[in-house]
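An overview of the molecular structure
Here is what each chain is made of, one letter per residue.
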Amino acid sequence: MASKDLSAQEKATAKDPVPQPVELSDGFVAGLSGHWAAPVEYIAWSPDGTQVATAPWGSFVTIRDAKTGEASAVLHGHTREVIDLAWSPDGAYLATAAEGEPARLWDARTGEMLLVFDGGIPETSAVAWAPDGGRIAATIPGGLVIWSVSEQSAALIEAAYSTAQALAWSPDGTYLAIAATDYTADVTGYDILLVDVEAGKVAKSLTGLEDEVIFLTWSNSGNRLSSGSRDGSARIWDLDTDEAVVQIADYEDDAVKGIAWAPDDRQVAVLLEGNAARMLDAKTGEPVADLSCGEPGNVCVNIVWSPDGNVLAAADDDGSLRLWDARTHVVMHQSDHEDYWIEALAWSPDGTRLAIGSSDDALRIWDLEAQKTLMRAEGGVHAIGHVAWSPIAQLAAIADTQGRITIWDEQTGKVRHVLNGHKAEIRVLSWSPDGTLLASADDSEVNNLWDTRTGDLIASLQGHTNDILTVSWSPDSTRLVSGSWDGTARVWNALTGAQEKLLEGHADSVRAVAWSPDGSMIATGGDEDVVRIFDAVTGNVLDRYEDHEDDVENISWSQDGTLLASAADDRTVRVWDASNGKVEKVFCCSVDLTSHIAWSPDGSRLATSMNARVVVWDRKSGEILTTETDFAYYPQFIVWSPDGDFIAAGSQYAPARVHGTRHGWWVREFNRDLRIFNGLDWGADGSVLLTGDEAGLLESWDLFEGRRKLFLMDRQERWISCDWKTDICLRADDGKLLQSVEAGGLKRFALPDADSD
């Protein structure tokens with residue numbers, strides 16, 4: 001539905017809202033948070049230069065005002081990573097493609113999704129508008145879908161290929177070039193297909209490539225075509241002879257935008273391996289100038305020619321930006337950024353501004369004449385670094401990357417406490433077993449103990465000379481042990497914060513600590529191949545387990561305290577008999593790191609990650625069960641449900657799954673839209689799972705029914721809690737209900753002023 005300006009009456013209503021549900025959707029949530037936090041990988045200017053569309057590493061696209069940075073629309077519809085976006089020549093529409101999904105067409109003014117290009121096959125990999133703006137092409141396996149704007153109809157052109165990595169219209173709109181890969185033949189083929197659009201068939205093929213083509217661009221005259229391939233070659237093709245008249249052998253094979261034609265077609269700029277770029281004579285291939293777009297060891301990732309041909313811009317993967325005078329080849333501007341790297345570059349249509357997409361989830365507009373940043377826009381939310389359920393109540397502790405801890409009541413949706421005692425990113429967040437205390441440690445050596453009933457700071461732990469990496473509570477919640485970069489473990493009084501014991505003897509950092517279930521022993525491990533067992537009362541060393549061959553990353557006691565499991569960088573997990581220090585079981589030789597281990601609540605089974613699967617060892621039978629499905633990335637989280645019937649596992653960069661432990665089948669999958677998860681945890685009763693992500697979004701999930709509630713901080717730093725079942729959102733800090741000023745609630749959401757009653 002189209003957005004609209006608020007009338008005076010609507011503004012008054014927004015300040016004194018009445019209970020009114022909104023239509024909750026992922027797009028609505030994205031609108032509140034501004035964007036999921038992720039590197040901005042794709043940028044496209046509107047033809048009139050007033051707006052910029054950006055896509056991060058994820059499934060959303062944001063359209064922003066190029067002057068103010070304000071988001072006019074957040075496009076949600078894809079569930080996988082967006083890999084291409086293109087404006088129509090008149091700026092009325094935006095087309096997007098996502099990995100393994102149909103392309104979509106959007107109304108750029110309202111953000112409404114108008115069309116899905118599936119052609120009967122739900123997968124596209126590239127989209128491109130015809131120069132006249134009357135048609136749009138989208139690739140699907142085995143052909144093209146071409147949609148006519150005026151006729152509101154689609155035509156299918158068949159072509160023999162499996163996937164297409166790039167698509168480009170000729171300047172006159174008569175041909176489409178496709179970077180095609182065909183897996184159906186005995187030998188995989190990598191060809192460039194030229195499709196005659198009017199005839200509806202492939203007119204010719206350009207062959208001789210040894211790997212997939214990832215970039216295509218036409219000369220402005222339309223008689224030549226350039227390609228960049230993962231075989232390490234860049235080529236310029238003469239379309240009269242179908243021959244590669246220029247070939248560069250050291251092309252940067254990861255550069256998806258590594259070739260740029262000068263507007264007059266006389267020269268072409270190409271990214272080479274490493275930090276080099278080269279200007280070539282487009283006819284002869286002879287070098288015109290060798291350029292460096294960064295420091296040695298860096299890799300050039302993007303190169304773009306200004307519309308007037310006077311300036312060439314390039315960026316590397318370490319945040320360096322270079323601009324050259326294209327006539328003299330002299331560097332006009334150089335800037336280096338240590339806190340982010342550049343993912344995408346795009347000139348405004350008039351050539352006066354450069355849009356820069358970066359790894360810090362930001363869009364920057366840089367002015368060529370003033371040589372400064374005019375605007376910086378970002379999601380405006382703080383990523384969630386850690387989430388942890390209270391062991392006794394429906395309370396969640398949420399730590400963001402700015403050092404703030406929020407205690408949220410999942411049942412009521414309200415904020416209980418905000419704990420402000422850190423100014424750096426929090427590294428450790430841990431509830432005491434009785435749920436009354438919370439330990440937190442950041443990466444600037446600030447280590448705090450909190451009373452979660454009152455929100456008061458009990459004490460700051462003083463003694464470590466470097467950051468705390470891990471903590472473990474005593475079973476009675478009166479003490480806790482910490483491990484640090486400083487090579488020591490220390491035991492603290494949880495009521496006063498006083499240090500009671502110093503556990504010495506470690507050769508390097510202590511990465512793992514674990515209090516035994518009966519409270520009598522403490523196990524430690526770290527940057528050496530030894531597990532140490534200490535007497536929790538005296539601090540004396542009781543035993544040393546020395547069978548590992550590399551650093552110990554994680555340790556965990558069985559519930560009865562008779563076994564200790566340890567995971568190390570030697571890619572093994574070992575289970576030790578605590579009575580004699582002997583190895584009882586070894587999980588060996590995973591190709592993945594095996595640093596994540598977890599005992600079932602009753603201590604009868606041990607779960608670990610191995611070869612992109614979750615492996616479960618049954619202690620009684622000695623049998624090993626594995627999950628039926630592979631993870632896309634080795635699991636970084638493994639958490640048992642309190643009843644031991646389910647395991648939640650996943651990683652930051654791939655969907656998380658819940659598996660039933662009896663038969664290995666998976667029950668539910670989270671995060672198909674590839675948000676970057678930093679943590680997950682089970683509620684105390686085992687019916688709810690909590691997830692926190694890089695976008696600052698916390699969600700609770702019912703195992704079988706799906707989403708329950710969400711919690712986030714909006715761009716004005718106001719807490720918002722929404723219930724997926726009732727479609728009602730409220731201000732979590734004071735319980736005030738919010739209301740949508742549109743029937744659908746998808747575009748504008750009026751929030752009360754922060755100081756309103």
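The rules we used
- Residues numbered from 1 in each chain as written.
- Predicted model: local features only at pLDDT ≥ 70, side-chain atom pairs only at ≥ 80, totals over all residues.
- Heavy atoms only, no water.
- Phe/Tyr/Trp six-rings, centres within 6.5 Å; stacked < 30°, edge-to-face > 60°.
- Helix = DSSP H or I, 4+ residues; strand = E, 2+ residues; numbered from the N terminus.
- Buried < 20%, exposed > 50% of the residue type's maximum accessible area, 1.4 Å probe, protein only.
- Salt bridge = Lys/Arg side-chain N within 4 Å of Asp/Glu carboxyl O.
- Polar contact = N/O pair within 3.5 Å; in protein donor to acceptor, adjacent residues only side chain to side chain.
- Contact = heavy atoms within 4.5 Å.
- Disulfide = S-S within 2.5 Å.

Right, let's talk about the packing of aromatic side chains for a bit. Any aromatic ring pair is given by two values, namely how distant the centres are and how the planes are angled relative to each other. Under the criterion given, the structure shown has five aromatic pairs. Both rings, one in Tyr93 and one in Trp129, keep their centres 6.1 Å apart while their planes meet at 20°; by these two values the pair is stacked. You can see Tyr93 sitting in strand β6 (residues 93–98) and its partner Trp129 sitting in strand β9 (residues 127–129), a full 36 residues away along the chain. Residue classification places Trp129 among the buried positions, given a relative accessible area of 9%. Aromatic side chains Trp599 and Trp617 sit 6.5 Å apart centroid to centroid with 65° between the ring planes, which places their arrangement in the edge-to-face category. Within this pair, whereas Trp599 is found in strand β53 (residues 597–599), its partner Trp617 is found in strand β55 (residues 613–618), the two being separated by 18 residues in sequence. Pair check on accessibility: Trp599 and Trp617 agree, each one buried. Connected via pairs of aromatic rings, a cluster forms that spans Phe587, Trp599 and Trp617.

Glancing now at the pattern of salt bridges. Within the structure shown, the criterion is met by 17 salt bridges. The salt bridge partner of Lys204 is Asp242, with a shortest N-O separation of 3.0 Å. Separated by 38 residues along the polypeptide, Lys204 in strand β16 (residues 201–206) and Asp242 in the loop between β19 (234–238) and β20 (243–248) bring together distant segments of the chain. For Lys204, a relative accessible area of 25% gives the class partly exposed. Two residues, Glu546 and Arg544, come together in a salt bridge whose shortest N-O distance is 2.7 Å. We classify Glu546 as partly exposed; its relative accessible area is 44%. For Arg544, a relative accessible area of 39% puts it in the partly exposed group.

Residue position: Ser219 is located in the loop between β17 (213–218) and β18 (224–229). Ser219 gets classed as buried once you look at its relative accessible area, which sits at 1%. One polar contact links Ser219 to Asn223, side chain to side chain, over a distance of 3.5 Å. When sequence neighbours within four positions are dropped, the list of residues in contact with Ser219 reads Pro171, Arg224, Trp261 and Asp265.

Attention now goes to the state of the cysteines. The tally for this structure, following the rule as stated, stands at one disulfide. Two residues share a disulfide in this structure: Cys293 and Cys300, whose sulfurs sit 1.7 Å from each other. Handedness of the Cys293-Cys300 disulfide follows from its S-S torsion of about -140°: it is left-handed. Residue Cys293 shares its accessibility class with Cys300, and that shared class is buried.

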